[in-house]
Amino acid sequence: MCGIVGIVSSQKNNVVSGLIEGLRRLEYRGYDSSGVAIISENKLLRRRKAGKLVNLEADLKESPVSGNTGIAHTRWATHGIPNDQNAHPHMTDQVAIVHNGIIENYHLLKDQLLEKGVQFTSETDTEVVLHLVNQHLEQGLSPFESVKKTLSVVRGAFAIAMLFRDYPNLLIAARSGPPLAIGYGKEEMYIGSDAVALSHLTQQVTFLEDGDIAVLENSGVKIYNLEGKRVERKIQQSKVGTSSIDKEGFEHFMLKEIHEQPDVIRRTLSEYFNITHTGLHFRPLPFALENVSRLTIVACGTAFYAGMVAKYWFENIARIPVELDIASEFRYRQPPMPKDGISLFISQSGETADTLAAQAYVKSQGQPSLGIINVANSSLARAVDVTFLTQAGPEIGVASTKAFTTQLCVLAVLALAFAQARKTISQEDLTQYCKDLAQLPLLIEQTLLLKKDIAEIARSLLEVNNVLYIGRGPSYPLALEGALKLKEISYIHAEGFAAGELKHGPIALIEESVPTVAIAPYDSLFEKTVSNIQEILSRRGPIVLLSDEKGHSLFTSQAIKRIILPTTSSLIAPMVYAIPTQLLAYYTAVYKGTDVDQPRNLAKSVTVE
Ligand code: M6R
């Protein structure tokens, strides 16, 4: 989603390169245009370009700008197509703005402004904020009063940063929804969408709270709430390193992140349980699990599918009722939240707008919430009662890979902890499950060795327009996740189905040109899936079979393309089987020549609803 960077500096140095480096670090969020505005000799100057950051850099090279105070932006289009005119910053001759989020009542505000003769130069919702602030300035209000008065009539979710021609040592930022971080430098202050955007400038950050307005000068920051009262916000040490994250020799971040999985899984698991000489010990959890009457799991996209896999574990192993929903539905459903229930939110970024709103609803109902989150200090991490961090490290590829498998690891450990507390598991079974988990990094290493075979199979998907994925039990959510991965980076239409549901409709789609990826570890449901695979083969549907030696040995058909995975226990099969679905999507996208790390239309961090 949109990224914001701002610098106000007392030094004579030009802030443009610092702004551009901040934008570079925000590229991973997904965007379709970028721009920068600075104050130069009592004038606001702007450069902005549709497309990738290189376009803006080329423009800046051709017509450079320089100054001590500036704002910059990467835009992910919501209102208006991605072109130069809609790119941020938007500006009048005395004020410039960058914005992340959506102004929900912009139609109404725009009509009022049009009636007063204001001329709009873009299709964006952002421009109404600009013109309202501009009008208040013209009426003689201070920049702070102008922003405060404007925000009192604006509805929606937004993070903004503004620059004022007549105040060269001033930036104003405000947050209501999407995150904003303030950074501290030496006689310099910064604004960023997240700590990553500022990581080349500072490690000292403050995260604004909803409703905050921050007034930055090069000497420091004053933060106010919407009523205009001064508030104090903690300064924290950012957990993001200073170096920019690089691909370390891999062609894409996604491929690097797929390969990091053995390590990050090892690291994540070691956070939550220890294997000692005397037995297996879970790290103590800071709440009592035995009395929980129901677990509600809420998330979006890939994180939701991780929750869906875990539903099988929590129900089967820990015998706890689970309600599961996607956050965008849950937040408006007003579901009753039972007493003694706990809610669990899963998010890589910790900034997904719908997930945050769902958590806020649960909180308003008085239910405690847990979070499985990859970004410490994120909005969700700060909102939940207990955070379980996944140790995946920064995930840059828009398609989630290592975040998914580390989420699964934390969920598996949590399911076992619930089972132990609720006495629904024998010590013997618990020990076995933990041994299985401990073996997981090694099995993933073995699975990664299959990448050449998988790449070969990916070639056969190049000409197809539709791919189906099927699975049963925990392999069903994996089928949904596999299909999501393929469609988001290769743009091939793909759908996941519960294997048993095929004959209730989707089987009508089967024909020679529609391959089905069958996710079928040799487990208690294997034979059932075999029947579904046979039904597809009988209708000349090609199959890509993901199974182990034993599973494969039961098929002789030549129409099957085979990915032979290591033998796994049922608990860890979803993590192992996730790997070939990621690689299949990856290689298909590479062969199709798509933008693997920043696929079209997608954003890494979905901070608007
Ligand atoms: O940051 P989150 O985990 O909350 O993000 C949720 C989804 O937007 C995310 O998983 C999305 O579906 C991925 N692009 C999938 O690869």
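All of the points below concern the structure found in this document. Worth saying up front: this structure is predicted, and the values here are computed from it rather than measured.

Some remarks on the nonpolar core
In step 1: Of all hydrophobic cores here, the largest spans 95 residues; its most connected members are Trp313, Phe314, Leu344, Leu437, Tyr469 and Met575.
In step 2: Of all the elements, helix H12 (residues 402-421) adds the most residues to this core, at 13 residues.
In step 3: Of the domains in this structure, domain 2 (247-447) and domain 3 (449-609) are the two that each give at least three residues to this core.
In step 4: In this view, Leu437 contacts Leu269, Phe273, Ala412, Val413, Leu416, Leu571, Ile572 and Met575; residues no more than four positions away in its chain are not counted.
In step 5: Core analysis: the next-biggest nonpolar cluster, separate from the first, contains 28 residues, Leu137, Phe144, Phe158 and Tyr224 among them.

As for the packing of helix H8 (residues 301-316) against H12
In step 1: It is the contact of H8 with H12, at a shortest axis distance of 9 Å, that shows an interaxial angle of 25°. Between H8 and H12, the angle falls in the class roughly parallel. Between H8 and H12 the crossing geometry is right-handed. Here Thr302, Ala303, Tyr305, Ala306, Gly307, Val309, Ala310, Trp313 and Phe314 of H8 come into contact with H12, specifically with Phe404, Gln407, Leu408, Leu411, Ala412, Leu414, Ala415 and Phe418.
In step 2: Considering only residue class, the contact of H8 with H12 consists of 14 nonpolar, 3 polar and no charged.

Quick look at the side chain of Thr302
In step 1: With respect to the helices, strands and loops of the structure, Thr302 is situated in helix H8.
In step 2: Beyond its immediate sequence surroundings of up to four residues, Thr302 is in contact with Ser400, Phe404, Gln407, Glu481, Leu484 and Lys485.

Observations concerning helix H18 (residues 573-592)
In step 1: Between its terminal C-alpha atoms H18 stretches 29 Å, which fits the 28 Å expected from 20 residues at 1.5 Å a residue.
In step 2: Of all 20 residues making up H18, 17 are buried, and the element is well covered by its neighbours.
In step 3: At the C-terminal side of H18, Gly593 shows a positive phi close to 75°.

Looking at the pairing of strand S18 (residues 294-299)
In step 1: Counting buried positions along S18 gives 6 out of 6 residues, so the element sits mostly inside the fold.
In step 2: Residue alternation in S18 divides its side chains into two sets, Arg294, Thr296 and Val298 and Leu295, Ile297 and Ala299, and both sets are buried.
In step 3: Taken together, the 6 bridges between S18 and strand S20 (residues 341-347) define a ladder with parallel strand orientation. Counted as the bridge partner of Leu295 is Ile342 from S20.
In step 4: As judged from the 5 bridges shared by S18 and strand S19 (residues 322-326), these two strands associate in the parallel manner. What sits directly across from Val298, in S19, is Asp325.
In step 5: Handedness of the S18-H8-S19 crossover: right-handed.

A few points about the environment of Ser513
In step 1: Along the polypeptide, Ser513 turns up in the loop between strand S24 (493-498) and strand S25 (516-519).
In step 2: Using a relative accessible area of 42% as the deciding quantity, one classes Ser513 as partly exposed.
In step 3: Along the sequence, Ser513 and Val467 sit 46 residues apart, while their C-alpha atoms lie 8.9 Å from each other.
In step 4: Not counting chain neighbours up to four residues away, the residues in contact with Ser513 comprise Val464 and Asn466.

A look at empty space enclosed by the protein
In step 1: Under the counting rule described, the total for this entry stands at 2 cavities of 30 Å³ or more.
In step 2: Of the voids in this model, the largest cavity is the one considered here, and its volume is about 60 Å³.
In step 3: What lines the largest cavity is simply Cys2, Arg75, Trp76, Thr78, His79, His88, His99, Gly101, Thr124, Asp125 and Thr126.
In step 4: Looking at the lining of the largest cavity residue by residue, the class counts come to 2 nonpolar, 7 polar and 2 charged.

Remarks on unusual backbone geometry
What you tend to see is this: most non-glycine residues have negative phi, and most peptide bonds are trans.
In step 1: Here His88 and Pro89 are connected by a cis peptide whose omega angle stands at 0°.
In step 2: Looking at where Pro89 falls in the secondary structure, it is placed in the loop between strand S4 (69-75) and strand S5 (90-91).
In step 3: At Asn377, a residue that is not glycine, the phi angle is positive and equals roughly 75°.
In step 4: Within the secondary structure layout, Asn377 lies in the loop between strand S21 (369-373) and helix H11 (379-383).
In step 5: Exposure remark for Asn377: the relative accessible area of 14% places this residue in the buried category.
In step 6: Phi angles above zero are rare outside glycine, and Tyr491 is one such case at about 65°.
In step 7: Locating Tyr491 in the fold gives a position in the loop between helix H15 (475-490) and S24.

The rules behind these values
Residues numbered from 1 in each chain as written. Predicted model: local features only at pLDDT ≥ 70, side-chain atom pairs only at ≥ 80, totals over all residues. Heavy atoms only, no water. Core = buried A, V, L, I, M, F, W, Y, C linked by side-chain atoms within 4.5 Å. Buried < 20%, exposed > 50% of the residue type's maximum accessible area, 1.4 Å probe, protein only. Helix = DSSP H or I, 4+ residues; strand = E, 2+ residues; numbered from the N terminus. Domains from an automatic or database assignment. Contact = heavy atoms within 4.5 Å. Axes fitted to C-alpha atoms, helices over the stretch in contact; angles between N-to-C directions. Parallel < 35°, antiparallel > 145°, perpendicular 65-115°, else oblique. Left-handed = near helix turned anticlockwise from the far one by under 90°. Nonpolar A, V, L, I, M, F, W, Y, C, P; charged D, E, K, R; others polar. Expected span 1.5 Å × (residues − 1). Pairing = 2+ DSSP bridges. Right-handed = clockwise from strand over helix to strand, strands pointing away. 1 Å grid on protein atoms, 1.4 Å probe; cavity = no way out; pocket = protein on both sides within 12 Å on 5 of 7 lines; lining within 4 Å. Points joined across faces, edges and corners; volume = space filled by probe spheres on them.

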